[in-house]
Amino acid sequence: MEIATQKKEIIDWILSIEDQTVLDEIETLKKQTSFDFDEEFKKGLTVEEFRKRTTEFIKSLPWKK
């Protein structure tokens, strides 16, 4: 895909966003000057925490019998 086409698609997508939280996240990305993968990785969930949260979420769903 050409870079101009990619930019146009991103612009169209941003113009369609209504959620202020999503717009705030985009603004944060825009202000970011560098990205340190190792630092961001440290902030991530451990496998155990991810499993715990997933299990809690699944148990919280309104299952029909």
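Data block above holds the structure.
Keep in mind that what you see is a predicted model, and the values were worked out from it rather than measured.

Basis of the calculations
Residues numbered from 1 in each chain as written. Predicted model: local features only at pLDDT ≥ 70, side-chain atom pairs only at ≥ 80, totals over all residues. Heavy atoms only, no water. Helix = DSSP H or I, 4+ residues; strand = E, 2+ residues; numbered from the N terminus. Rg over C-alpha atoms; globule rule 2.2 N^0.38 Å. Buried < 20%, exposed > 50% of the residue type's maximum accessible area, 1.4 Å probe, protein only. Salt bridge = Lys/Arg side-chain N within 4 Å of Asp/Glu carboxyl O. Contact = heavy atoms within 4.5 Å. Expected span 1.5 Å × (residues − 1). Polar contact = N/O pair within 3.5 Å; in protein donor to acceptor, adjacent residues only side chain to side chain.

What about the overall build of the protein chain?
Helix and strand content of the protein chain: 4 helices and 0 strands. Scanning the protein chain from its N terminus toward the C terminus, one meets helices and strands in the order α-α-α-α. In terms of C-alpha radius of gyration, the protein chain reaches 18 Å, well past the compact-globule figure of 11 Å for 65 residues. Principal-axis analysis of the C-alpha atoms places the extent of the protein chain at approximately 50 × 35 × 25 Å. Every one of the 65 residues in the protein chain was classed for burial, and the buried ones make up 2%.

A few points about the pattern of salt bridges
Under the counting rule described, the total for this entry stands at 4 salt bridges. Put simply, R53 and E49 hold a salt bridge, and the shortest N to O gap is 2.9 Å. One end of the pair, R53, and the other, E49, are both in helix 4 (residues 47-60), 4 residues apart, so they sit about a helical turn from each other. Given a relative accessible area of 26%, E49 falls into the partly exposed group.

Considering the environment of I26
When you line up the elements, I26 lands in helix 2 (residues 20-31). In this structure, the C-alpha to C-alpha distance between I26 and W63, residues 37 residues apart in sequence, is 35 Å. With near-sequence residues (within four places) excluded, I26 lies in contact with W13, I14 and I17.

Regarding helix 2
With 12 residues, helix 2 extends 17 Å from end C-alpha to end C-alpha; this agrees with the ideal 16 Å at 1.5 Å per step. Burial of helix 2 is sparse: only 0 of the 12 residues sit out of reach of the surface. One side-chain oxygen at the N-terminal end of helix 2 lies 2.9 Å from the backbone nitrogen of T21; it belongs to D19.

Bear in mind that shape data such as this cannot, by itself, settle questions of function.
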